[in-house]
Amino acid sequence: MTGYDVGGLILDVPAKSLPALIEWTLAEARLGAERLHGSGKDADPLLVLTEAACERYGLPGQRRLMPGHSRAGRWW
């Protein structure tokens, strides 16, 4: 699996499960944003998965947006 960082960096993603992907994202890849304020905390990373990546990690494929549901298709 390949990951693409916002800055254009291409990353090899070794994670074979969703928990491993999250752990890799936070611990090894160190994705996310630095603190905006000294007393704040680092921002969590945002992962955008392709349909193939969703399949690999056992997530449902593409979700269709339904009228009136502006948050449909987002995972919280």
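This text gives an overview of the structure that appears in the document.

Reading guide: rules and limits
Residues numbered from 1 in each chain as written. Predicted model: local features only at pLDDT ≥ 70, side-chain atom pairs only at ≥ 80, totals over all residues. Heavy atoms only, no water. Helix = DSSP H or I, 4+ residues; strand = E, 2+ residues; numbered from the N terminus. Buried < 20%, exposed > 50% of the residue type's maximum accessible area, 1.4 Å probe, protein only. Contact = heavy atoms within 4.5 Å. Areas by Shrake-Rupley, 256 points an atom, 1.4 Å probe, with all protein chains shown as cover. Arc of directions from axis to C-beta. Polar contact = N/O pair within 3.5 Å; in protein donor to acceptor, adjacent residues only side chain to side chain. 1 Å grid on protein atoms, 1.4 Å probe; cavity = no way out; pocket = protein on both sides within 12 Å on 5 of 7 lines; lining within 4 Å. Points joined across faces, edges and corners; volume = space filled by probe spheres on them. Nonpolar A, V, L, I, M, F, W, Y, C, P; charged D, E, K, R; others polar.

## A few points about the overall build of the protein
Point 1. Summing up its helical and strand segments, the protein has two helices and two strands in all.
Point 2. Ordering the α and β elements of the protein from the N terminus gives β-β-α-α.
Point 3. Going through the 76 residues of the protein one by one, you find that 13% of them count as buried.
Point 4. Relative to all contacts within the protein whose residues are 6 or more apart in sequence, the contacts with residues 24 or more apart total 27%.
Point 5. With the model as given, the accessible surface of the protein reaches about 6,500 Å², and the carbon-plus-sulfur share is 56%.

## Structural notes on helix H1 (residues 18–28)
Point 1. Every buried residue of H1 is listed here: Leu21, Trp24 and Thr25. One face of H1 carries all of its buried residues, which in axial projection span an arc of 95°. Seen from the buried face of H1, the exposed residues on the opposite side, beyond 90 degrees, are Pro19 and Glu23.
Point 2. Looking at the buried positions of H1, the neighbouring elements they touch are strand S2 (10–12).
Point 3. N-cap assignment for H1: the residue whose side-chain oxygen lies 3.2 Å from the backbone N of alanine 20 is serine 17.
Point 4. Of the residues one or two after H1, arginine 30 is the one with positive phi, at around 50°.

## Re the layout of surface pockets
Point 1. Taken as a whole, the second largest pocket holds about 470 Å³ of empty space.
Point 2. In terms of lining residues, the second largest pocket is bounded by 21 residues, among which Gly3, Tyr4, Leu46, Leu47 and Val48 are the most central.
Point 3. Breaking the lining of the second largest pocket down by element, the ones donating at least two residues are strand S1 (2–4) and H1.
Point 4. Tallied by class, residues from the lining of the second largest pocket come to 15 nonpolar, five polar and one charged.

## What about the side chain of threonine 25?
Point 1. Among the structural elements, threonine 25 can be located in helix H1.
Point 2. Of the residues examined, threonine 25 reaches a relative accessible area of 1% and is grouped as buried.
Point 3. A distance of 2.7 Å separates the side chain of threonine 25 from the backbone oxygen of leucine 21, its partner in a polar contact.

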